[in-house]
Amino acid sequence: MRIVKALIGALLGVSLAACEMQEQQGAKTTVTPREVYEQRASKDVVIIDVRTPAEFRMERIKEAQNKPLDKIQNWVKDLPKDKKIYFVCRSGNRSGQAQRIAQQAGYTNAYNMEGGMLAWRREGLPVVSGE
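Residues numbered from 1 in each chain as written. Predicted model: local features only at pLDDT ≥ 70, side-chain atom pairs only at ≥ 80, totals over all residues. Heavy atoms only, no water.

**Quick notes on the overall build of the protein**
Summing up its helical and strand segments, the protein has six helices and five strands in all. Element order for the protein, N to C, with α for helix and β for strand: α-β-α-β-α-β-α-β-α-β-α. Counting the 131 residues in the protein, one finds 34% classified as buried. In the protein, the share of contacts with a sequence separation of at least 24, taken over all contacts with a separation of at least 6, comes to 69%. Counting only carbon and sulfur atoms, one obtains 53% of the accessible surface of the protein, whose full area is about 8300 Å². (Helix = DSSP H or I, 4+ residues; strand = E, 2+ residues; numbered from the N terminus. Buried < 20%, exposed > 50% of the residue type's maximum accessible area, 1.4 Å probe, protein only. Contact = heavy atoms within 4.5 Å. Areas by Shrake-Rupley, 256 points an atom, 1.4 Å probe, with all protein chains shown as cover.)

**Brief notes about the confidence of the model for the protein**
Mean pLDDT over the protein stands at 86; residues scoring 70 or higher make up 80%. Low pLDDT, under 50, characterises residues 6–25; the predicted model gives this stretch three contacts beyond four residues in sequence or across chains. (pLDDT = per-residue confidence, 0-100.)

**A closer look at the pairing of strand 4 (residues 84–88)**
Put simply, side chains in a regular strand alternate between the two faces of the sheet. Most of strand 4 sits out of view: four of its five residues are buried. Direction of pairing for strand 2 (residues 45–49) relative to strand 4: parallel, over a ladder of five bridges. Along strand 4, the bridge assignment pairs V46 with I85. Judged from the three bridges that link them, strand 4 and strand 5 (residues 110–113) form a sheet pairing that is parallel. Counted as the bridge partner of Y86 is Y111 from strand 5. Handedness of the crossover is the feature at issue here: the chain leaves strand 4, passes through helix 5 (residues 93–104), returns alongside strand 5, and the resulting connection is right-handed. (Pairing = 2+ DSSP bridges. Right-handed = clockwise from strand over helix to strand, strands pointing away.)

**Some thoughts on the sheet that holds strand 5**
The parallel open sheet is built from five strands, whose spatial order is 1-5-4-2-3. Strands at the two margins of the open sheet, each flanked by one partner only, are strand 1 (30–31) and strand 3 (65–66). Of the strands in this sheet, strand 4 and strand 5 are in contact with helix 5, which crosses strand 5 at around 170°. (Axes fitted to C-alpha atoms, helices over the stretch in contact; angles between N-to-C directions.)

**Some words on the packing of aromatic side chains**
The relation between two aromatic rings is expressed through the spacing of the ring centres and the mutual angle of the planes. Per the counting criterion, the structure on display carries three aromatic pairs. Ring geometry for Y37 versus W120: centroids 6.1 Å apart, planes at 65°, classification edge-to-face. In this pair, Y37 is assigned in helix 2 (residues 33–39) and W120 in helix 6 (residues 116–122), connecting sequence segments 83 residues apart. Look at Y37 and you get partly exposed, because its relative accessible area is 23%. What makes W120 buried here is its relative accessible area of 0%. Where Y86 meets Y111, the ring centres are 5.8 Å apart and the plane angle is 55°; that geometry is what we call tilted. Of the two residues, Y86 is situated in strand 4 and Y111 in strand 5; the sequence distance between them amounts to 25 residues. No difference in accessibility class separates Y86 from Y111, as the two residues are buried. Note that R40 overlies the ring of Y37, its terminal NZ or CZ placed 4.0 Å from the centroid. Over the ring of Y107 we find K81, and its NZ or CZ is 4.1 Å from the ring centre. (Phe/Tyr/Trp six-rings, centres within 6.5 Å; stacked < 30°, edge-to-face > 60°. Lys NZ or Arg CZ within 6 Å of the ring centre and 35° of its normal.)

Rendered as structure tokens:
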């Protein structure tokens with residue numbers, strides 16, 4: 001039992017140290033909807049919408065690809081390492097989870113669009129719907 005507690009403590013310490021180091025290095029992990037909008041057509045950008053297929057069909061960023069968060073273990077390793085990856089969801093929660101998972105998988109080019117599609121709409125940015 002002591003060994004398990006020691007391991008958990010060590011893992012938490014490493015995790016906290018990694019977060020602190022990232023903050024100290026100024027690593028940016030979020031972007032605004034405006035930033036995504038302005039860069040959406042670039043060949044150096046991939047927009048991944050992690051919502052369900054039904055949510056994606058209802059309303060999405062034209063250039064986005066749908067890759068549901070609940071299947072991330074199936075597709076995260078296939079993401080390009082040479083492009084900026086912007087994760088999007090409804091409010092920024094699921095896309096934040098996807099960004100962290102991608103970062104843990106070694107992607108330093110992964111970003112969460114803060115506020116999700118709710119913020120995108122508040123900005124009056126264009127959306128498409130349907131198949």
